[in-house]
Amino acid sequence: IINNYLGGTQGGAVDKASPSGMHFRDSKRKVDYVLAYHYRKRLARHPAGAGSPEPMHGSASLALVSNGGTGKGSVELQQQDGGQHAPQERPRPLGVEVIELGPLDTLEDEKRLQREEYERNLVEVGLEIEKDPENKSQGLSFVRIHAPWQVLSREAELLKIKMPTKKMYEITEEGGILKTLNEIWCKLTKPLQPQVPQQENTNMKTLSYPFSREKIYLYNIKDKDTFFDNATRSRIVHEILKRVSTKARNSTGIGTLIANHVYDAAYPLHDGEYEGQNDDMNERKLLYREWARYGVFYKFQPIDLIRKYFGEKIGLYFAWLGLYTEFLIPSSVVGIIVFLYGCITIEGDIPSKEMCDQHNAFTMCPLCDKFCDYWNLSSACATARASHLFDNPATVFFSIFMALWATMFLEQWKRLQMRLSYFWDLTGLEEEEVSFLSEHPRPEYETKLLQKKLKNKNITTENSNEDEKEKLTWSDRMPGYAANFGLILFMIMLTFSAVFGVIVYRITTAAALSFSTNETTRSNVRVTVTATAVIINLVVILILDEIYGAVAKWLTEIEVPKTEKTFEERLILKAFLLKFVNSYAPIFYVAFFKGRFVGHPGHYVYVFEGYRMEECAPGGCLMELCIQLSIIMLGKQLIQNNLFEIGIPKLKKLFRKLKDERTEPKEMDTNQSKDPQQWDLDYLLEPFTGLTPEYMEMIIQFGFVTLFVASFPLAPLFALLNNIIEVRLDAKKFVTEVRRPDTVRAKDIGIWYNILSGIGKLSVIINAFVIAVTSDFIPRLMYQYAYSQNGTMHGFINHTLSYFNVSHLKAGTQPENSPFAQDVLFCRFKDYREPPWSQNQYEFSKQYWAVLSARLAFVILFQNLVMFLSVLVDWMIPDIPKDISEQIKKEKSVLLDFFLKEEHEKLKLIESFIAPDKQKHKSGTKGERIRAASFCQFNRCQKGSFASFSSQHTEV
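Residues numbered from 1 in each chain as written. Predicted model: local features only at pLDDT ≥ 70, side-chain atom pairs only at ≥ 80, totals over all residues. Heavy atoms only, no water.

As a further point, take the side chain of lysine 574. Secondary-structure assignment places lysine 574 in helix H20 (residues 564–593). Owing to a relative accessible area of 8%, lysine 574 belongs among the buried residues under this scheme. For lysine 574, the contacting residues outside a window of four places in its chain are Asn484, Ile488, Ala552, Leu555, Thr556 and Glu559. (Helix = DSSP H or I, 4+ residues; strand = E, 2+ residues; numbered from the N terminus. Buried < 20%, exposed > 50% of the residue type's maximum accessible area, 1.4 Å probe, protein only. Contact = heavy atoms within 4.5 Å.)

See below:
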């Protein structure tokens, strides 16, 4: 390894930055990866002429580390540069002032040595490096990495990366009516297609095969520089960076070095600017124009281009998000129809008419003690009419529809996932390859393991068995698991405490407003309390969501998972559990607990010895559930998913920029080019932190759409409107605001599918209970078919109200200064209880037990029916499309034929070389062996040269 330092005075030609910002300064070699770090030089107070403690001082414009140079070439280069930068001699002990290093200087020197060792090791594995000069006292510097063909081909073979071969084969399409419908659909949706480069013949597919240097003749290599695209090149370099280690602190890979702040960041470059007047079109600019703008919200996503630029994992996320958004269209239409049905039938709803009828004059019991008066049920007319919009027979149908919708969505996703796997050549991505890609230990795991080794080295004797491979055991992780269990339990209890706090707020505020002398305030108590409580709930949910995200990450870190995949799965499960409880706890309370533990007049349940438990509105709790669900869902989508996603990255970017400007001294850098290069621009972008936040917000939304859809049929519509913006918002973030992520191969969306499936099954049970318990659907059916005199709903309101003798009210709870006190003998309350003239007064009546039995029977029937239909749909729709399974079989046979043909041609070519030798030397057996051996040697020598004809074939 030769370090060639090019002098600033003589290296004028090299000093110019590459025009595109994507290459080394020779404008030939691509920058495949960038490492960024901050350096800080100590002020050297030693006499002039003494050896410098730094490896290089002065104004060198470029430090170039090349692989494969010779010592002689290095000396000649330095002589050409005027000899100003001859190899540094070691400082002589005499005449050198000894400098006391502070802690910061020592730490900085240690980081510099680690960087030098790491970069040396990178060069040893074949990478080529270009470094920025460190010509300030402190500042930001970049290390640019290029992978030559030898390294790319070697690593592509090791990683089993599938590359296109010379062979193309025709994809057989389904004929008949499906083909005709597909053609019509393509013509209709042509204006919605993004204007991105497409394959000329869509019926042809290139055969791909894992790269092999021995079978290099199989591949369609026109240019070695462009055979591997930018995403594949950066992926290969990233795998090398994760693998290369340093002796200092036993650091393995770039992840450990970044965790130890040796480097600040490591990232691949974006493909140039996404905006600008220049005509140079790159994939980033194309994605921005056709995908990452709000103006193209109506267009389909260019999924293949997304996959090519960002990798399969991100491509699958956007494909899933696109399918989910498309599936929301039919559910939104059906939801609107159900809502309109409620609007149309509201005038014909008999219970609402009875409740609003002034002549019925149902005198209701007071809503609070002492300060609340008797009231007429007709005053709750508006609430009852509004409840009918969401509490009608159509909601039962909609619940069944949404359960089947969720099943069909998951089945369709499995089919689309399989189709993408086939076209993206992921069908052969075996588990061994996936495990190989994700088996690199995390830096935190290595640090913990190193601490354990050092501890054991002090305890164990020399006779101990050192051959056994060290790893973290259950006992090592037990403190982390205990902390996880305790803190998760505490966080769930914190959520319940927050819900209980809001309940107390509602009870106390309702009581306080009831004391008001203002008639308007007293009449609007329920609306005021409900609206303010829901807003408080929303604010608490948003705050706790951010806290729970950070807590889940910290809890996963103290568990010390070994690999990134394990870390991600455990983080997802913890974050989902906490955020699920946080988002849905207030909604569960309103749906299933509010108004269930109130008691009855004369025997109410109190909290804090003075406040009655709150009860549902006369029209039932379903309307309040609808309000709660809609405000929390819309608030989360608007504030958390949109404002936070737009605002927080911009604030972080501004903060990082101000921090860099504050820490770096304002020194003139004469060698810095005026225009910032691509690596400078990308460094200012936000680091990519993974897809977990993107999936999480969509999964929570999926829960809002499916879990309580019986109470809010418009939920799919609001989700659809949000997702149309969300797709472009995420796209813009990935293209313009985030550093280019490392491309990751993935066959599926991982654990998220299991969570979606679980939510889909849970939604069936919850909707069954919402219809049976929260709504009045079952009591209405029971009354109409069991208790009604004429089979109609006339008399339903009177049937659901029980009688109470006002003389049985406890002392001190009667209404004060009531104008109706003398006239009222009995008041009514909503419940199925025996009247005061019965022997078992105020006990649950027979109707109560009959309705309860019907509710439980409905839950069992509904759940089993919907589950059966879901299983039926799952069975009827195959996971793998028929045409794709046939194409996979065909591809295997085509690949085998292609191999045999290529091997046959190669054999004929070898025979054509050997045949003349046999004719010339029929009698000279020894000569033949020498000729054959020389041929083999010739082939072996030329193997590294692509230009050689013989190198296109393997050795004999």
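What follows picks up the thread again.
Applying the stated criterion across every chain yields a total of two disulfides. Note on cysteine connectivity: cysteine 356 is disulfide-linked to cysteine 381, with sulfurs 1.9 Å apart. Between cysteine 356 and cysteine 381, the disulfide has an S-S torsion of 95° and is therefore right-handed. Within this pair, whereas cysteine 356 is found in helix H12 (residues 350–356), its partner cysteine 381 is found in helix H13 (residues 381–388), the two being separated by 25 residues in sequence. Each member of the pair, cysteine 356 as well as cysteine 381, is classed as buried. (Disulfide = S-S within 2.5 Å.)

What follows is about the packing of aromatic side chains. If you walk through the whole model with that rule in mind, you get 56 aromatic pairs. With a centroid separation of 6.0 Å and 40° between ring planes, the pair formed by phenylalanine 409 and phenylalanine 702 is classed as tilted. Pair noted here: phenylalanine 409 is in helix H14 (residues 393–423) and phenylalanine 702 is in helix H23 (residues 692–706), with a separation of 293 residues, a long-range link. Its relative accessible area of 0% is what places phenylalanine 409 among the buried residues. We classify phenylalanine 702 as buried; its relative accessible area is 0%. Look at phenylalanine 592 and phenylalanine 769: their rings are 6.4 Å apart centre to centre, the planes differ by 85°, and that puts the pair in the edge-to-face class. Residue phenylalanine 592 is located in helix H20, and its partner phenylalanine 769 is located in helix H25 (residues 751–774); the two are separated by 177 residues in the primary sequence. Residue phenylalanine 592 is classed as buried on the basis of its relative accessible area of 17%. We classify phenylalanine 769 as partly exposed; its relative accessible area is 31%. Here the guanidinium or amino end of arginine 144 rests over the ring plane of tryptophan 679, the centre of that ring lying 4.3 Å away. For arginine 612, the ring lying beneath its charged end belongs to tyrosine 604, and the centroid distance is 3.6 Å. (Phe/Tyr/Trp six-rings, centres within 6.5 Å; stacked < 30°, edge-to-face > 60°. Lys NZ or Arg CZ within 6 Å of the ring centre and 35° of its normal.)

Let's shift gears to the packing of helix H9 (residues 283–290) against helix H24 (residues 715–737). Interhelical geometry of H9 versus H24 gives an angle of 160° and a closest axis separation of 10 Å. By the criterion of interaxial angle, the relationship of H9 to H24 is roughly antiparallel. Crossing hand, H9 versus H24: left-handed. On the side of H9, the interface is formed by Arg284, Leu287, Tyr288 and Glu290, while H24 contributes Arg728, Val735 and Thr736. Residue composition of the contact of H9 with H24, grouped by class: three nonpolar, one polar and three charged. (Axes fitted to C-alpha atoms, helices over the stretch in contact; angles between N-to-C directions. Parallel < 35°, antiparallel > 145°, perpendicular 65-115°, else oblique. Left-handed = near helix turned anticlockwise from the far one by under 90°. Nonpolar A, V, L, I, M, F, W, Y, C, P; charged D, E, K, R; others polar.)

Before going further, it helps to examine the side chain of threonine 743. Tracing the backbone shows threonine 743 in the loop between H24 and H25. Only 3.2 Å separates the side chain of threonine 743 from the backbone oxygen of alanine 231, close enough to count as a polar contact. (Polar contact = N/O pair within 3.5 Å; in protein donor to acceptor, adjacent residues only side chain to side chain.)

What follows covers the confidence of the model for the chain. Here the chain shows a mean pLDDT of 78. Residues at 70 or above account for 80%. Highest mean pLDDT in the chain belongs to helix H11 (residues 312–345) (93); lowest belongs to strand S1 (residues 2–6) (33). Low pLDDT, under 50, characterises residues 927–956; the stretch is placed with 37 contacts to residues that sit more than four places away or in other chains. (pLDDT = per-residue confidence, 0-100.)

Before going further, it helps to examine helix H10 (residues 303–310). Three or four residues apart is the spacing at which side chains of an α-helix point the same way, because the helix has 3.6 residues per turn. Within the sequence span of H10, burial applies to Ile303, Leu305, Ile306, Tyr309 and Phe310. The buried residues of H10 all sit within an arc of 160° when viewed along its axis, so they share a single face. Each element contacted by the buried residues of H10 is listed here: helix H7 (230–243), H9, H11, H14 and H24. Phi turns positive one or two residues past the end of H10, at glycine 311, with a value near 105°. (Arc of directions from axis to C-beta.)

Direction vectors running N to C along H11 and H24 enclose 160°, while the axes themselves pass 8 Å from each other. Between H11 and H24, the crossing angle belongs to the class labelled roughly antiparallel. Crossing angle aside, the handedness with which H11 passes H24 is left-handed. Judged by residue contacts, Ile314, Tyr317, Phe318, Leu321, Tyr324, Thr325, Leu328, Ile329, Ser331, Ser332 and Ile336 of H11 engage Pro716, Leu717, Ala719, Leu720, Asn723, Ile724, Val727, Asp730, Ala731 and Phe734 from H24. Across the contact of H11 with H24, the residue classes break down as 16 nonpolar, four polar and one charged.

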